[in-house]
Amino acid sequence: MEAYTEIRQAVAKLCAGFPGSYWRALDREMAYPTEFVNALTESGYLSVLIPEEYGGSGLPLSAAAAILEEVQRAGCNGGACHAQMYTMGTLLRHGSAAQKAEYLPAIAEGRLRLQAFGVTEPTSGTDTGSLKTTARLEGDRYVVNGQKIWTSRAEHSDLMLLLARTTPKADGMKRTDGLSVLLVDMREARGNGLTIRPIRTMMNHATTEIFFDNLRVPAQNLIGEEGRGFRYILSGMNAERILIAAECIGDAKWFIDRARAYAGERSVFGRPIGANQGVQFPIAKAYANMRAAELMVREALTLYEGGANPGAEANMAKMLAADASFEAANACIQTHGGFGFAEEYDVERKFRETRLYQVAPISTNLILAYLSEHVLGLPRSY
Ligand SMILES: Cc1cc2nc3c(=O)[nH]c(=O)nc-3n(C[C@H](O)[C@H](O)[C@H](O)COP(=O)(O)OP(=O)(O)OC[C@H]3O[C@@H](n4cnc5c(N)ncnc54)[C@H](O)[C@@H]3O)c2cc1C
């Protein structure tokens, strides 16, 4: 039985106002779904995790997971705004009382957008400890220099959580020490040391590369303690992985619904294609794998909400759900035959969109490496 029935129904109703034709038009132009994100924001869905004292709903992670799952299940794309749900957690857990009071109520009200998250760099990739962007303290400001890549939604965000090196690497120091998190006000920064360049991708994802050239960030925008930034970012990653996994479950359900419907109505050789086992079985298998992945998402949510730090379950949920959504996507395109490639069916668009989750926000290989090392006790491979 699915939890949060009322929230799910309300999200589905909101999403019904943004049908395939809306997303197709944006996809052609690679345009941002501003109206959709505004509607989600105004209905309070993006601030469900913000505590009530700061103007949010103070709901647990499973409510956010239900919302994002429904968004994807309705054929919409939460990738346009999902980051606000989990990046806010870094500010909530590690920000000062003054920072929380300044930013969280404005984010909850929808006056401020915290959609951008600058971690990945072109030369270091998954090896975050090798990132090269520096933030040097000069008086009451950090001076930031360097470059980020794949900073999604940067053009549609007021704030960015930025991970930069504040202490140069030295002998005996852990590679991930000396990194700090800064909250960058993009409205002030653009044109004053911050340049954003969009990257065109195979799906419409509003992602960018960002260049810092002596960007000045007030020292008071440091989150938590200097040098501990990597731990702060890591602390939010389980939530991020679980929420992305919930989105993949929603995608898988959309693909399975579409495949089932089409298999029932398309008639070839005088009978529905769905009467053939060769058509049924891939859909049935995708369904079974989706259900198994869904159980792992629930397990990760239960552990997370019980106060545990479920690294293994969050990673497994993300990997299994991403695999399930892509398997369902493949079965759906195959079921549709040639029409699977036609824009108007939305299948090819969703296929492109869900493929991302094999790579981002963490690639399957790195999840397998985590499980090998931390769960199975095998030697670290990287
Ligand atoms: C559309 C999109 C949006 C994104 N949004 C954001 C964002 O908002 N903010 C942000 O900071 N980042 C973002 N990312 C970055 C994303 O998190 C990275 O692309 C991802 O973590 C992989 O890093 P990489 O691209 O540098 O790949 P690399 O690290 O270069 O790896 C390339 C391939 O090699 C494999 N590999 C690397 N090392 C090993 C190893 N030791 N063992 C086995 N396999 C290995 C990887 O699994 C991968 O398949 C986004 C990426 C995309 C494509």
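That block above? That's the structure.
Thresholds, definitions, all that
Residues numbered from 1 in each chain as written. Predicted model: local features only at pLDDT ≥ 70, side-chain atom pairs only at ≥ 80, totals over all residues. Heavy atoms only, no water. Near = heavy atom within 4 Å. Polar contact = N/O pair within 3.5 Å; in protein donor to acceptor, adjacent residues only side chain to side chain. Areas by Shrake-Rupley, 256 points an atom, 1.4 Å probe, with all protein chains shown as cover. Nonpolar A, V, L, I, M, F, W, Y, C, P; charged D, E, K, R; others polar. Axes fitted to C-alpha atoms, helices over the stretch in contact; angles between N-to-C directions. Helix = DSSP H or I, 4+ residues; strand = E, 2+ residues; numbered from the N terminus. Parallel < 35°, antiparallel > 145°, perpendicular 65-115°, else oblique. Left-handed = near helix turned anticlockwise from the far one by under 90°. Contact = heavy atoms within 4.5 Å. Buried < 20%, exposed > 50% of the residue type's maximum accessible area, 1.4 Å probe, protein only. Pairing = 2+ DSSP bridges. Phe/Tyr/Trp six-rings, centres within 6.5 Å; stacked < 30°, edge-to-face > 60°. Lys NZ or Arg CZ within 6 Å of the ring centre and 35° of its normal. Salt bridge = Lys/Arg side-chain N within 4 Å of Asp/Glu carboxyl O.

Trainee: Account for the site of the ligand, with residues named and values stated.
Mentor: Neighbouring the ligand are 19 residues; F117, T120, T126, W150 and S363 lie closest to it. One of the backbone N or O atoms of W150 is found 2.9 Å from a nitrogen atom in the ligand. Isolated, the ligand exposes 970 Å² of accessible area, and the fraction of that covered by the protein chains is 67%. Here the residues of the shell around the ligand are counted per class, giving 10 nonpolar, 8 polar and 1 charged.

Trainee: Which residues make up the packing of helix 8 (residues 229-265) against helix 11 (residues 347-355), and what are the values?
Mentor: Look at helix 8 against helix 11: their axes get within 11 Å of each other, and the N-to-C directions meet at 155 degrees. Viewed along their axes, helix 8 and helix 11 adopt a mutual orientation that is roughly antiparallel. Where helix 8 crosses over helix 11, the two elements pack in a sense that is left-handed. Taken together, the residues of helix 11 that come into contact with helix 8 (itself represented by D251, W254 and F255) are V347, K350, F351 and T354. Taken together, the residues that form the contact of helix 8 with helix 11 break down as 4 nonpolar, 1 polar and 2 charged.

Trainee: Which residues make up the pairing of strand 5 (residues 179-185), and what values do they have?
Mentor: Within strand 5, 7 of the 7 residues are buried, leaving the element largely enclosed by the surrounding structure. Pairing of strand 4 (residues 159-165) with strand 5 involves 7 bridges; the strand directions are antiparallel. Along strand 5, the bridge assignment pairs A164 with S180.

Trainee: Quick rundown of the packing of aromatic side chains? Include the residues and the values.
Mentor: This model, assessed by the stated rule, comprises 8 aromatic pairs. Taking 5.2 Å as the distance between ring centres and 45 degrees as the angle between the ring planes, the aromatic pair formed by F326 and F351 counts as tilted. Residue F326 is found in helix 10 (residues 311-335), and its partner F351 is found in helix 11; the two are separated by 25 residues along the sequence. Cluster of aromatic residues (ring-pair linked, three or more members): F18, Y22, W23 and F36. In this structure, R355 packs its charged tip against the face of F326, placed 5.4 Å from the ring centre.

Trainee: Tell me about the pattern of salt bridges, and please be specific about residues and values.
Mentor: Overall, the coordinates contain 28 salt bridges when judged by the stated rule. Close ionic contact of K148 with E121 constitutes a salt bridge, the shortest N to O distance being 2.9 Å. Placement of the pair is K148 in strand 3 (residues 141-149) and E121 in the loop between strand 1 (114-118) and strand 2 (134-138), with a sequence separation of 27 residues. Comparing K148 with E121 shows no difference in burial state: the two are buried. A salt bridge links E373 to R380; its shortest N-O distance comes to 3.4 Å. On the accessibility criterion, R380 (46% relative accessible area) is partly exposed. The network of salt bridges with shared partners includes E2, R8, E69, E70, R73, K253, R291, E294 and R298.

Function cannot be read off these values alone, since they describe shape.
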